[in-house]
Amino acid sequence: MKKIIPIVALVKKEMNGKQVMVEYASPNTNKPLHLGHLRNIFLGWSVAEILKANGYHVIKTCIVNDRGIHICKSMLAWEMYADGATPESTGIKGDHFVGDYYVKFNEAYKREVADLVAAGVPQAEAEKETWTIKRTQQMLLDWEAGRPEVIELWKKMNGWVYEGFDTTYKNIGVGFDKIYYESDTYLLGKDIVKQGMDKKVFYQKDDSSIWIDLTADGLDEKIVQRSDGTSVYITQDIGLALQKYEQYKIEQSIYVIGNEQNYHMKVLKLICQKLGMPNADNIYHLSYGMVELTSGKMKSREGTVVDADDIVDEMISTSQQHTEELGKVKDFTDAELKDLYKTIGLGAMKFYLLRVDPKKTMVFNPAESIDFHGFTGPFVQYTYARIQSILRKEENAIRGEQTSEPLLDAEKEVMVVAEQYPSIIEQAAFEHNPSVIANYVFNVAKTFNSFYAAHSIANAESVEKKQLRLKISLLTANIIKSGMNLLGISVPERM
RNA sequence: GGUCCGGUAGCUCAGCUGGAUAGAGCAUCAGCCUUCUAAGCUGAGGGUCAUUGGUUCGAAUCCAAUCCGGAUCACCA
C-alpha cells in the first residue's frame, strides 16, 4: 500500500522547461465546423494536455484560414441574395449563416454551368467562364488590393463566423492560447524565399518562378514562389513555422492535420530542415485519419456532412434521455442537471473520437456513438461517480493504517493496473496518442468494477480490509479523473 | 504509375520496439439487484490475425511479393 501515494503524486510531473506548440482546428471561415473538425480539435486538445502532464509548457494554437477564394464565395452570395440579412436578423448562428451562403453560391454556380453547357459550351470551359466564379476572383483581387467595401464585408462576415466558432468552442470546452490568422501570415515567407535563394536551397526557373528540388529525398520538385512573385501555400507555412519559433522559442511544433496533407507536411518539414531553421527536426505532423460514416464518406456536395453543433446537441440530449430513464438524480437542480447532461454527452462524444488510434480512418456509427454502455466515456464516468458515492459516505474513515493481510486477486488486479498509469502517460506523449489513455482508463474502470462486484467496500470483512479498499477506490477515482482530464473529459460526482 | 497509410471475431476497435491458450466493446445466448449507483457484474458461442513466401528456437508483430481499400503526387489551399 505504500505505493499508492507516490502513484498519485506522479500524475503531475516536474516541469521540464521545454516549450511546445500544438496547432489544431484551423478551420476555413466559409462554413461551420463538422465531425472531422471535432476529431481534430479533441486530438489537439488532448495531446496538449498529455504533454503538459509530461512536464512541457504547451501553447495551444490555431491558424484561421480567413482569406481566399472560399470566403469570397460566401461574400458574393450574401451580396446577391441576403438583402441585408444578418445572423441577428435571422436568428441563425453566425458560422452557419455564412455557410448557408456558401451553399447558395455553389447552387448558383452549378446552375450557371449547366446553363452554359446546355448552350453548347464544353463543361471544362463552362466551369471557368461563369459570371459567379469570375466575380469571385475579382473580389479576391479587390481584397488583396485592400478595396474598402470588400474589406468591410469580409470583416463583417468573418466576424459572424468567429462568433459562431467561439460559441462552439465554448460549448465543447476547448480554446486556444494564441490564434493566428492567415490574413496576417499569408505574406510571410517572402524573406525566406530570398534567404533560400542565397543559401542555394531554392533555385529560379526561366519564367522566374522559384522551386526546391526534393527528388533526392524521394519527393518531387516543389514550387515556393509563383512566376508573378506571389507566394504559395507552402511558403506561408514556412513563414509561420519560423514566426512560431521566433515568438515562443518552441522546441517542438506539433501540427494536428488530416492525413490528406501527409505529403505537404513532409515537404514543409524537409524545407525547414534544409533552410537550417532551428528545431526543424522537431516539427511533428500528428496525422489523423478521416471520419467516415457507416454510409460512406462525408461529402459536402452531397450534404452528408455531420455538423459539429448538431452532433454535440444530439449527444447531450441523448444523455438527458438516458439519465431521465434511469431516474437516479431526481434531486438535482435544473442547473445541475443541465451540467450533468453536458458532462455525459460530451464525455461520450470525446471518448468515442479519441479511443481510436489517430492515424486510422474511423467509422462514425450514430447508433454506437450514443450507446453509453461498454467501451465508452459514460462507462468510465459512471465508475467514477460510483466511487464518489462511497467516498462521500466514508469521507472520514480513511486513515493511514497499513494492512498486513494479503491482497485478494481482485484487489491486486486493480493495484497492478493502477501502477501502470505513469508509464501510460509517458507512452501517450511519446506516441502523441490519446487513444492510449482512453484504452487504459477504460481498463482501470473495468478492473475496478469487477473488484467492486466481488467485494464489499463499506462492509468489508475487517477494518484493515475496509481501509485497503477505500484507498484502492480513492486511487482509482484519482486516476480516472486525471486520465479523463487528459482526454478533455470531465467526470461527474453523481450520475 | 511513384510515394505514404491501413486490412485482426458479424460490426467497431486493442495488441504490432517478436515470446506462453490472439483481447475488449457492441450484437447473440444464459445467469446476477432484501448489501456500497444494474450507465454495472459473471459466463457461453464466435478468429486459416488479407494471401503467399522468407528470417527466427518462436511471427498478428520483422522482411519481400501479391491482392483489396484509402490518401497524395497543382504557379489550389
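All of the points below concern the structure found in this document. (Residues numbered from 1 in each chain as written. Chains lettered and ligands numbered in written order. Predicted model: local features only at pLDDT ≥ 70, side-chain atom pairs only at ≥ 80, totals over all residues. Heavy atoms only, no water.)

### With respect to the sheet that holds strand S1 (residues 19-23)
Strand pairing in a sheet relies on backbone hydrogen bonds. The paired strands run either parallel or antiparallel. Across the sheet, which stays open at both edges, the five strands sit in the order S3-S2-S1-S7-S8 with parallel pairing between neighbours. Each having just a single partner strand, strand S3 (178-181) and strand S8 (283-288) make up the two edges of the open sheet. Strand-to-strand twist across the sheet, computed as the mean angle between neighbouring axes with direction ignored, equals 25°. (Pairing = 2+ DSSP bridges. Helix = DSSP H or I, 4+ residues; strand = E, 2+ residues; numbered from the N terminus. Axes fitted to C-alpha atoms, helices over the stretch in contact; angles between N-to-C directions.)

### Side note on the protein's contact with RNA strand B
Around RNA strand B, the surrounding shell holds 55 residues, and the nearest of these are Asp207, Arg226, Lys297, Lys328 and Tyr382. Considering RNA strand B, the proportion of its atoms within 4 Å of the protein that are sugar or phosphate atoms stands at 71%. At 3.3 Å from a sugar or linking oxygen of RNA strand B is found a side-chain nitrogen or oxygen belonging to Glu182. A distance of 2.6 Å is found between a base nitrogen of RNA strand B and a backbone nitrogen or oxygen belonging to His455. Grouping the amino acids of the surface near RNA strand B by side-chain chemistry returns 22 nonpolar, 15 polar and 18 charged. (Near = heavy atom within 4 Å. Polar contact = N/O pair within 3.5 Å; in protein donor to acceptor, adjacent residues only side chain to side chain. Nonpolar A, V, L, I, M, F, W, Y, C, P; charged D, E, K, R; others polar.)

### Things to note about the nonpolar core
Counting residues in each nonpolar core, the largest one holds 120 residues, and the members touching the most others are Leu35 and Leu38. Discounting residues that sit within four places of it in the chain, Leu35 has contacts with Val291, Leu293, Met298, Val306, Ala308, Ile311, Met349, Leu353 and Phe364. Within the second largest apolar cluster, 26 residues are counted, among which are Phe202, Met265, Leu270 and Ile271. (Core = buried A, V, L, I, M, F, W, Y, C linked by side-chain atoms within 4.5 Å. Buried < 20%, exposed > 50% of the residue type's maximum accessible area, 1.4 Å probe, protein only. Contact = heavy atoms within 4.5 Å.)

### With respect to the side chain of Ser287
Within the secondary structure, Ser287 is located in strand S8. In this structure Ser287 comes out as buried when scored by relative accessible area, which is 16%. Contacts of Ser287, omitting those with residues within four sequence positions, involve Ile257, Gly258, Asn259, Asn262, Pro358 and Lys359.

### Thoughts on a nonpolar patch on the surface
Where nonpolar side chains cluster on the molecular surface, the patch consists of Met80, Tyr81 and Trp131 and spans about 300 Å² of accessible area. Positionally, Met80 belongs in helix H3 (residues 69-81). You can call Met80 partly exposed: its relative accessible area is 34%. (Patch = residues over 30% accessible without salt bridge, like charges linked within 9 Å, V, L, I, M, F, W, Y side chains within 5 Å. Areas by Shrake-Rupley, 256 points an atom, 1.4 Å probe, with all protein chains shown as cover. Salt bridge = Lys/Arg side-chain N within 4 Å of Asp/Glu carboxyl O.)

### Points about the pattern of salt bridges
What the rule picks out here adds up to 19 salt bridges. Close ionic contact of Lys359 with Asp357 constitutes a salt bridge, the shortest N to O distance being 3.1 Å. With a relative accessible area of 22%, Asp357 lands in the partly exposed category. Notably, a salt bridge pairs Glu411 with Lys465, separated by 2.8 Å at the nearest N-O pair. Pair noted here: Glu411 is in helix H17 (residues 409-419) and Lys465 is in helix H20 (residues 463-486), with a separation of 54 residues, a long-range link. Assigned by exposure class, Glu411 and Lys465 land together as buried. Several salt bridges converge on common partners, so that one network encompasses Glu411, Glu461, Lys465 and Arg469.

### Thoughts on the packing of helix H11 (residues 233-248) against helix H12 (residues 262-274)
Running from amino to carboxyl end, H11 crosses H12 at an angle of 55°, the nearest separation of the two axes being 10 Å. Considering the angle they form, H11 stands oblique to H12. Classified by chirality, the crossing of H12 by H11 is right-handed. Contacts between H11 and H12 pair Tyr233, Ile234, Asp237, Ile238 and Ala241 from the former with His264, Val267, Leu268, Ile271 and Cys272 from the latter. Grouping the amino acids of the contact of H11 with H12 by side-chain chemistry returns eight nonpolar, one polar and one charged. (Parallel < 35°, antiparallel > 145°, perpendicular 65-115°, else oblique. Left-handed = near helix turned anticlockwise from the far one by under 90°.)

The analysis is restricted to geometry; functional conclusions fall outside its scope.
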